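Residue-level listing of the chains:
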Amino acid sequence: MIRIGNGYDVHKVVEGRKCIVGGVEIPWEYGLLGHSDADVLLHAICDALLGSVALGDLGKHFPDSDDKWKGADSMVILSEVAKLVKVSGYAIVNIDSIIIAQKPKMSPYALEMRQNIAKACGIGVDQVSVKATTEEGLGFTGVGDGISAHAVCLVESVRPQYI
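Here's what I pulled together on the structure shown here. (Residues numbered from 1 in each chain as written. Predicted model: local features only at pLDDT ≥ 70, side-chain atom pairs only at ≥ 80, totals over all residues. Heavy atoms only, no water.)

1. Things to note about the nonpolar core
With 47 residues, the main nonpolar core has L49 and I117 as its most contacted residues. Of all the secondary structure elements, the ones that give two or more residues to this core are α1 (40-52), α3 (74-87), β5 (90-100), α4 (110-121), β6 (128-133) and β7 (146-157). Considering each element in turn, this core owes the most residues, 9 residues, to α1. If we ignore the near neighbours within four places in the chain, the residues touching I117 are L41, L42, I45, M75, L78, I95, V128 and V130. (Core = buried A, V, L, I, M, F, W, Y, C linked by side-chain atoms within 4.5 Å. Buried < 20%, exposed > 50% of the residue type's maximum accessible area, 1.4 Å probe, protein only. Helix = DSSP H or I, 4+ residues; strand = E, 2+ residues; numbered from the N terminus. Contact = heavy atoms within 4.5 Å.)

Structure representation (structure tokens):
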């Protein structure tokens, strides 16, 4: 059985925080606001993976009301989500994602992001796509108030199928 998951996340841009996207600390005078490290890309991927196996969303498993996850490294969270997918009897086939940000430029970091995601999920880099775009000055991302990300993943059952 093959299943698909879709994820979306957004974080506000603020001063005084690091800009961590795809597990990469990107040099910039601003960062992303959130309970954890606010890695918008990894959060979207986590939601896509969880959705693909009908396990709810990131907030269900890693609630912002739990101090255990305050300031958490989203690479750790992604690794935990990948384990949940595996325990559910599925293997990740591929992950396709896109970051929407006017600034900073994300494309120079895409390969490192792909490598981080692949490692956390226990899959090959060739199974992970990370793209980046701007919104040409439109909307909250276009005016620089936030950064968002979308992700889609495909998973395949590794359990024997009985008829």
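Next comes the rest of the description.
2. Remarks on the sheet that holds strand β1 (residues 2-15)
Spatial ordering of the open sheet is given by β4-β1-β7-β5-β6, a layout of 5 strands whose pairing is mixed. In this open sheet, the two edge strands, each paired with only one partner strand, are β4 (30-32) and β6. Pairwise comparison of adjacent strand axes, ignoring direction, gives a mean angle of 20° for this sheet. (Pairing = 2+ DSSP bridges. Axes fitted to C-alpha atoms, helices over the stretch in contact; angles between N-to-C directions.)

3. A short note on a nonpolar patch on the surface
A cluster of nonpolar side chains, namely Y8, V10 and F140, defines an oily patch on the protein surface of about 250 Å² accessible area. Here V10 lies in strand β1. Here V10 falls in the partly exposed class, since its relative accessible area comes to 35%. (Patch = residues over 30% accessible without salt bridge, like charges linked within 9 Å, V, L, I, M, F, W, Y side chains within 5 Å. Areas by Shrake-Rupley, 256 points an atom, 1.4 Å probe, with all protein chains shown as cover. Salt bridge = Lys/Arg side-chain N within 4 Å of Asp/Glu carboxyl O.)

4. Brief notes about the packing of aromatic side chains
Both the distance between ring centres and the angle between the ring planes are used here to describe each pair of aromatic rings. The tally for this structure, following the rule as stated, stands at 1 aromatic pair. Look at W28 and Y30: their rings are 5.3 Å apart centre to centre, the planes differ by 70°, and that puts the pair in the edge-to-face class. (Phe/Tyr/Trp six-rings, centres within 6.5 Å; stacked < 30°, edge-to-face > 60°.)

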